[in-house]
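An overview of the molecular structure
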Amino acid sequence: MDALDRLAEPGLDLLRRVDTLLAAGAPEGHRVWPLLRRMEVLPGEALRNFLDLRSAPLAGAGHTVRRQVHGYDHACAALTDPVLWSGPAAASYGQSRATLLRHLDEGPESLVGRLEATASYADALADWVEGSRLAVARVLADVIGSGEAVAVVAATSVTRESPHSGPSSPGGAGAAEIAARVLAVLCVAYDGAETLLRQWAPSLAESPWRPAGNRSRPDGGGLSGTRTTRVGW
């Protein structure tokens with residue numbers, strides 16, 4: 001359980017009240033309006049969705065992906081074993097296995113390179129989740145103990161509409177301010193996720209197979225020939 005988990009219950013209760021007041025509108029020109037248009041969600045629902053983000057599954061995915069590299073290490077070791085035969089077939093085989101080795105584990109565009117990039121991307125996302133949850137927890141701690149929260153609770157605790165209710169009332173203005181602070185930190189968090197995706201996208205692309213090029217067959221025939229020779233290895 002982290003700081004956000006400990007603040008989730010009172011935070012959700014406060015934001016539920018904020019959402020109720022925001023349904024009646026917010027003060028004209030308040031900074032919450034562009035945030036609401038961008039997020040397209042009220043702060044209570046935005047927090048509920050964000051609470052589902054956990055770093056542990058992403059960190060675990062990174063460890064799992066890295067374990068797959070060992071399988072490629074074994075395959076590469078088998079391909080580098082010395083060949084005890086010679087001739088045109090052996091030369092052709094050597095060229096093919098060199099190409100395969102490069103595809104498996106040579107540089108960032110190899111299969112191993114892509115695996116390591118995928119694992120590192122998962123690690124970066126896990127770090128992003130932890131940092132973002134901490135930032136949201138901090139803003140929740142601030143708004144829960146604020147004067148705006150007192151006004152919001154007072155405005156939503158009455159059983160009938162107060163003559164001082166509405167977007168410009170203390171409760172309405174407080175709800176708009178709390179909503180703006182919560183949505184602003186969530187916007188920053190999601191911007192961070194999009195930045196990570198843009199940064200890592202080139203390293204996560206498909207690893208293309210690049211053959212060594214057209215080669216003559218070991219039997220001396222062309223690629224379009226029909227004559228075949230059995231190679232005894």
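Because the structure is a prediction, the values reported are computed rather than measured.

Here we look at the overall build of the chain
Across its full length, the chain carries eight helices and zero strands. When each of the 233 residues of the chain is scored for burial, the buried share is 36%. Partitioning the intrachain contacts of the chain with sequence separation of at least 6 by distance along the chain shows that 82% fall at a separation of at least 24. For the chain, the computed accessible surface area is about 13700 Å², with 56% contributed by carbon and sulfur atoms.

Digging into a negative patch on the surface
Taken together, the side chains of Asp-73, Asp-105, Glu-106 and Glu-116 make up a negatively charged region of the molecular surface. Following the sequence through the fold, Glu-106 ends up in the loop between helix 5 (88-105) and helix 6 (111-144).

Quick notes on the environment of Gly-60
Structurally, the position occupied by Gly-60 is in helix 4 (residues 55-79). Taking the C-alpha atoms as reference points, Gly-60 and Ala-122, separated by 62 residues in sequence, lie 8.5 Å from one another.

Observations concerning the confidence of the model for the chain
Per-chain confidence: the chain averages 82 in pLDDT, with 84% of residues scoring 70 or above. Low confidence marks residues 214-233, where pLDDT is under 50. Its contacts with residues over four positions away, or in another chain, come to 20 contacts.

Points about unusual backbone geometry
Here the phi dihedral of Glu-40 falls at roughly 55°; this positive angle occurs in a residue that is not glycine. Here Glu-40 is to be found in the loop between helix 2 (32-39) and helix 3 (43-51).

What to know about the layout of surface pockets
If you add up the space inside the second largest pocket, you get close to 160 Å³. Lining of the second largest pocket is provided by Thr-99, Arg-102, His-103, Glu-106, Gly-107, Pro-108, Glu-109, Ser-110, Ser-207, Pro-208 and Arg-210. Grouping the constituent residues of the lining of the second largest pocket by class yields two nonpolar, five polar and four charged.

As for the side chain of Asp-19
Structurally, Asp-19 is set in helix 1 (residues 3-22). It turns out Asp-19 is buried and unbridged, and the closest side chain with the opposite charge, Arg-48, is 4.9 Å from it. Residues contacting Asp-19, with those up to four places away along its chain left out, are Leu-42, Pro-43, Gly-44 and Glu-45.

With respect to the packing of helix 6 against helix 8 (residues 170-200)
Running from N to C, helix 6 and helix 8 point in directions that differ by 170°, and their axes come no closer than 10 Å. Comparing the axis directions of helix 6 and helix 8 gives the class roughly antiparallel.

Regarding helix 3
For helix 3, the set of buried residues is Pro-43, Gly-44, Ala-46, Leu-47, Phe-50 and Leu-51. Down the axis of helix 3, the buried set is contained in an arc of 160°. They therefore lie on one face.

Describing the nonpolar core
The biggest cluster of nonpolar side chains holds 42 residues, and the ones touching the most others in it are Leu-4, Val-18, Val-32, Val-136, Leu-140, Ile-178 and Leu-186. Going through the elements one at a time, helix 1, helix 2, helix 3, helix 6, helix 7 (147-157) and helix 8 are the ones with two or more residues in this core. If you tally residues by element for this core, the top one is helix 8, at 13 residues. With five residues, the next largest nonpolar core counts Val-65, Val-112, Leu-115 and Ala-119 among its residues.

The rules we used
Residues numbered from 1 in each chain as written. Predicted model: local features only at pLDDT ≥ 70, side-chain atom pairs only at ≥ 80, totals over all residues. Heavy atoms only, no water. Helix = DSSP H or I, 4+ residues; strand = E, 2+ residues; numbered from the N terminus. Buried < 20%, exposed > 50% of the residue type's maximum accessible area, 1.4 Å probe, protein only. Contact = heavy atoms within 4.5 Å. Areas by Shrake-Rupley, 256 points an atom, 1.4 Å probe, with all protein chains shown as cover. Patch = residues over 30% accessible without salt bridge, like charges linked within 9 Å, V, L, I, M, F, W, Y side chains within 5 Å. Salt bridge = Lys/Arg side-chain N within 4 Å of Asp/Glu carboxyl O. Lys, Arg positive; Asp, Glu negative; His and termini not counted. Charge placed at Lys NZ, Arg CZ, Asp CG, Glu CD. pLDDT = per-residue confidence, 0-100. 1 Å grid on protein atoms, 1.4 Å probe; cavity = no way out; pocket = protein on both sides within 12 Å on 5 of 7 lines; lining within 4 Å. Points joined across faces, edges and corners; volume = space filled by probe spheres on them. Nonpolar A, V, L, I, M, F, W, Y, C, P; charged D, E, K, R; others polar. Axes fitted to C-alpha atoms, helices over the stretch in contact; angles between N-to-C directions. Parallel < 35°, antiparallel > 145°, perpendicular 65-115°, else oblique. Arc of directions from axis to C-beta. Core = buried A, V, L, I, M, F, W, Y, C linked by side-chain atoms within 4.5 Å.

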